[in-house]
Amino acid sequence: MESERNVLGGELAPCSMDPKTGFMRDGYCYPLQRDPGRHEICAVMTAEFLEYSKAQGNDLVTPRPDLNFPGLDPGDHWCVCVPRWIEAHEAGRAPPVNLDATSEDVLEDVSLETLQEYAADTESEADATSE
């Protein structure tokens, strides 16, 4: 995990420690062979994206303690699946992205230019995720 890089070529930053995100619930969005969903994009949840995701059959709002899932609110940072983010982008509902905490592997499917269009304000968000 220490060697993971972000889409900007730097060290991969944590996405969120509260709620704890990532396929391994370690706070990071990075590729794992056993993660077919590819939870590699660190996104800042918006009401619009949460509604869109729920309409697509993936309810990210309702807590699921059995799956170690707290349920999300607008403003939460979460590792989202690459295919879902692309789908939301194509539908005009993609959430902002924390580029420092998004895996460089995402660049195989989404251009850096596209991700930069959705860049979140990472300075203030980094403070929120490190508490």
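Naming follows an unreviewed UniProt entry, where the protein appears as DUF2237 domain-containing protein of Haloarcula taiwanensis.

1. Things to note about the packing of aromatic side chains
Here the structure, examined in full by the defined rule, presents two aromatic pairs. Pairing Phe69 with Trp78 gives two aromatic rings, centres 5.3 Å apart and planes at 80°, and the pair type is edge-to-face. Under the relative-accessibility criterion, Phe69 is labelled buried at 9%. Relative accessible area serves as the criterion here: at 5%, Trp78 is assigned to the buried category. Seen from their ring centres, Trp85 and Tyr118 are 5.0 Å apart, and the 80° between their planes marks the pair as edge-to-face. Remark: Tyr118 occurs in the loop between α3 (112–117) and α4 (122–129) and Trp85 occurs in helix α2 (residues 82–90); sequence separation between them is 33 residues. An identical accessibility class is assigned to Trp85 and Tyr118; each is buried.

2. Things to note about the pairing of strand β1 (residues 39–44)
Among the six residues in β1, five count as buried, and that is most of the element. Inspection of the sheet shows β1 paired to strand β2 (residues 77–81) by five bridges, in the antiparallel sense. Residue pairing in the sheet places Ile41 in a bridge with Val80 of β2.

3. Examining unusual backbone geometry
The omega torsion across Asp18 and Pro19 is 5°, close enough to zero to call that bond cis. Checked against the element boundaries, Pro19 lands in the segment before β1. Although it is not a glycine, Arg25 adopts a positive phi angle of roughly 55°. As for its position among the elements, Arg25 is in the segment before β1. Exposure remark for Arg25: the relative accessible area of 21% places this residue in the partly exposed category. One non-glycine residue with positive phi stands out, namely Arg38, at about 55°. Note that Arg38 resides in the segment before β1.

4. Details of the pattern of salt bridges
Applying the stated criterion across every chain yields a total of five salt bridges. Among the ionic pairs, Asp66 bridges to Arg64, the shortest N-O distance being 3.3 Å. Overall, Asp66 belongs to the exposed group, its relative accessible area being 60%. Through salt bridges with shared partners, one network takes in Arg38, Glu40 and Asp109.

5. Focus on the nonpolar core
By size, the foremost hydrophobic cluster in this structure holds 22 residues, and its most contacted members are Met45, Val80, Trp85 and Leu115. When residues of this core are traced back to their parent elements, those giving at least two are β1, α1 (47–55), β2 and α2. Aside from chain neighbours lying at most four places away, what touches Val80 is Arg38, His39, Glu40, Ile41, Ala43, Met45, Phe49 and Trp85. In this structure, Cys15, Cys29, Cys42 and Ala101 belong to the second largest nonpolar core, which totals five residues.

Each value, and the rule that gives it
Residues numbered from 1 in each chain as written. Predicted model: local features only at pLDDT ≥ 70, side-chain atom pairs only at ≥ 80, totals over all residues. Heavy atoms only, no water. Phe/Tyr/Trp six-rings, centres within 6.5 Å; stacked < 30°, edge-to-face > 60°. Buried < 20%, exposed > 50% of the residue type's maximum accessible area, 1.4 Å probe, protein only. Helix = DSSP H or I, 4+ residues; strand = E, 2+ residues; numbered from the N terminus. Pairing = 2+ DSSP bridges. Salt bridge = Lys/Arg side-chain N within 4 Å of Asp/Glu carboxyl O. Core = buried A, V, L, I, M, F, W, Y, C linked by side-chain atoms within 4.5 Å. Contact = heavy atoms within 4.5 Å.

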